[in-house]
Amino acid sequence: MKISVLTICPELFQSFLAAHVVQRALSRGLAELEIVDIRSYAGGSFRHIDDSPYGGGRGLVLRCKPVLDALAAVCGDRRERCLVTALTPAGGVYSQKTARRYAVEEHLVLICGHYEGMDERILSRVDETVSVGDYVLTGGELPAMVVMDSVLRLLKGNLKEGSAEEESFENGLLEYPQYTQPSDFQGDRVPAVLLSGHHENIQRWRKKESLRITLERRPDLLRARELSEEEQALLGELRRERERR
């Protein structure tokens, strides 16, 4: 797949592009990344890419022409094969489900907002708008890195086979606790079941702990998920344990 990022701060992506998961995807030919400086498409010697909002108000707004000219150059005559997403606080909340959907796209284009926002005529020409959370950042560059990282690690062959399948949100639940050496740290011991070598019991413990953590921290995920018979039984155990406390 190809990912193109339209930004007024291309220098912010230098360290991200050097990250292991990114370099591995590039070296294996799984992805092509393109960081596009919107200023290159702004006219005049000052490369004017922002202006005051019509109707008054504080701050500056990203002008539509440089952004849309950059978008046209990136997609060329293959606009129908580009999925164009604007990163803005007013967008839909980004999720692992969205990441999986993006990971099968041929060409994903991310437009980074900045200043007080972007001209509405940009947003009216994109396919989607996305927010990484209910807070405000200086620009869309950090959210773009979040999206790219989450998408690149899903590309087949970029991670060890099966390593992403049991992570938080992949199956609608939060991930179970993980432990490694030492088995006893200042009296805080690794659960005995994980040292037992009994794979069936380990899997059951992990599933129960995943349900426990989800119930405590994100019960909304449980309400949105269809539980198997085993999961319903484990959830019943957890609720009875809570009642006995």
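Data block above holds the structure.
For the structure given in this document, a descriptive report is provided here. Just so we're clear, the structure is a prediction, and the values are computed from it rather than from any experiment.

**A closer look at the nonpolar core**
Inference 1: Counting 26 residues, the largest nonpolar core has Ile3, Val5, Tyr102, Leu110, Val147, Met148 and Leu152 as its most contacted members.
Inference 2: Looking at this core, the element that brings in the most residues is helix 6 (residues 141-152), giving 6 residues.
Inference 3: When neighbours within four sequence positions are excluded, tyrosine 102 is seen to be in contact with Met1, Leu83, Thr85, Tyr94, Leu108, Glu128, Val130, Val147 and Val151.
Inference 4: Among the nonpolar cores identified, the runner-up in size contains 23 residues, and Ala70, Leu71, Cys82 and Val84 belong to it.

**Describing the sheet that holds strand 1 (residues 2-7)**
Inference 1: Taken in spatial order, the 5 strands line up as 2-1-6-5-7 in an open sheet, and their pairing is parallel. Only two strands of the sheet have a single partner each, and these edge strands are strand 2 (32-37) and strand 7 (128-131). In this sheet, adjacent strand axes meet at a mean angle of 30 degrees when their direction is disregarded.

**A closer look at a nonpolar patch on the surface**
Inference 1: Taken together, Tyr135, Leu137 and Leu142 make up a surface patch of nonpolar side chains, about 300 Å² in accessible area.
Inference 2: Along the chain, tyrosine 135 turns up in the loop between strand 7 and helix 6.
Inference 3: Residue classification places tyrosine 135 among the partly exposed positions, given a relative accessible area of 44%.

**Some thoughts on the packing of aromatic side chains**
Inference 1: Counting across every chain of the model gives 1 aromatic pair.
Inference 2: Aromatic side chains tyrosine 94 and tyrosine 102 sit 6.1 Å apart centroid to centroid with 40 degrees between the ring planes, which places their arrangement in the tilted category.

**Quick notes on helix 7 (residues 199-217)**
Inference 1: An ideal rise of 1.5 Å per residue puts 27 Å on 19 residues; helix 7 measures up with 27 Å between its terminal C-alpha atoms.
Inference 2: Considered for burial, the residues of helix 7 that qualify are Ile202, Trp205, Lys208, Glu209, Ser210, Leu211, Arg212, Ile213, Thr214 and Leu215.
Inference 3: Looking at the packing, one finds that the buried side of helix 7 touches helix 8 (219-223) and helix 9 (229-244).

**Thoughts on the environment of serine 150**
Inference 1: Within the secondary structure, serine 150 sits in helix 6.
Inference 2: On the accessibility criterion, serine 150 (12% relative accessible area) is buried.
Inference 3: Those residues in contact with serine 150 that lie beyond four places of it in its chain are Tyr94 and Ala99.
Inference 4: Within the structure, the side chain of serine 150 is placed 2.7 Å from the side chain of tyrosine 94, a separation counted as a polar contact.

**Observations regarding the side chain of threonine 7**
Inference 1: Following the sequence through the fold, threonine 7 ends up in strand 1.
Inference 2: For threonine 7, a relative accessible area of 0% gives the class buried.
Inference 3: Polar contacts involving the side chain of threonine 7 include one to the main-chain amide nitrogen of cysteine 9, which spans 2.8 Å.
Inference 4: Side-chain polar atoms of threonine 7 contact the side chain of glutamate 141, separated by 2.6 Å.
Inference 5: Not counting residues up to four positions away in its chain, the partners in contact with threonine 7 are Phe13, Ile35, Val36, Asp37, Ile38, Cys112 and Glu141.

**Structural notes on the packing of helix 7 against helix 9**
Inference 1: Where helix 7 meets helix 9, the closest approach of the two axes is 10 Å, and the angle between their N-to-C directions is 60 degrees. Comparing the axis directions of helix 7 and helix 9 gives the class oblique. Crossing geometry of helix 7 relative to helix 9 is assigned as right-handed. Facing Arg204, Lys207, Lys208, Leu211, Arg212 and Leu215 of helix 7, the residues of helix 9 in contact are Glu230, Glu231, Leu234, Leu235, Glu237, Leu238, Arg239, Glu241 and Arg242.
Inference 2: The class makeup of the residues in the contact of helix 7 with helix 9 is 5 nonpolar, no polar and 10 charged.

Definitions and limits used
For every chain, the first residue of its written sequence is number 1, and the numbers climb from 1 along that sequence. Reporting of local features is limited, given that this is a predicted model, to residues whose pLDDT is at least 70; pairs of side-chain atoms are given and counted only at 80 or more, and all residues count toward the totals for whole chains, interfaces and linings. Side-chain measures were taken over the full set of non-hydrogen atoms in the model, leaving aside hydrogen atoms and water. Note on terminology: a nonpolar core comprises buried Ala, Val, Leu, Ile, Met, Phe, Trp, Tyr and Cys residues joined through side-chain atoms within 4.5 Å. Buried, partly exposed and exposed residues are distinguished by accessible area as a fraction of the type maximum, computed with a 1.4 Å probe on protein chains only: under 20%, between the cut-offs, and over 50%, respectively. What counts as a helix is a DSSP run of H or I of at least four residues, what counts as a strand is a run of E of at least two, and both are numbered from the N terminus. Here, two residues are considered to be in contact whenever any of their heavy atoms come within 4.5 Å of each other. Criterion used throughout: strands pair if DSSP finds at least two bridges between them. Fitted lines through C-alpha atoms serve as axes, helices being fitted only where they are in contact, and the angles separating the N-to-C directions of these axes extend from 0 to 180 degrees. Without a salt bridge and with relative accessible area above 30%, a residue can belong to a patch; like charges are then joined within 9 Å and nonpolar side chains (Val, Leu, Ile, Met, Phe, Trp, Tyr) within 5 Å. A 1.4 Å probe and the Shrake-Rupley method give the accessible areas. Residues count as covered only by the protein chains that appear here. Counted as salt bridges are all cases of a side-chain nitrogen of Lys or Arg within 4 Å of a carboxyl oxygen of Asp or Glu. A pair of aromatic rings is counted whenever rings of Phe, Tyr or Trp (Trp by its six-membered ring) have centres within 6.5 Å, and the orientation is called stacked for planes under 30 degrees apart, edge-to-face for over 60 and tilted otherwise. By this rule the span expected of a helix is its residue count minus one, scaled by 1.5 Å. As used in this structure description, the phrase polar contact means that two N or O atoms lie within 3.5 Å; if the pair is within protein, one of them must be able to donate a hydrogen and the other to accept it, and residues adjacent in sequence are counted only when both atoms belong to side chains. Orientation labels follow simple angle bins: below 35 degrees gives roughly parallel, above 145 gives roughly antiparallel, 65 to 115 gives roughly perpendicular, and whatever is left gives oblique. Left-handed describes a crossing whose near helix is turned anticlockwise from the far helix through less than a right angle; right-handed describes the clockwise counterpart. Lys, Arg, Asp and Glu make up the charged group, whereas Ala, Val, Leu, Ile, Met, Phe, Trp, Tyr, Cys and Pro make up the nonpolar group; the residues left over, Gly among them, are polar.

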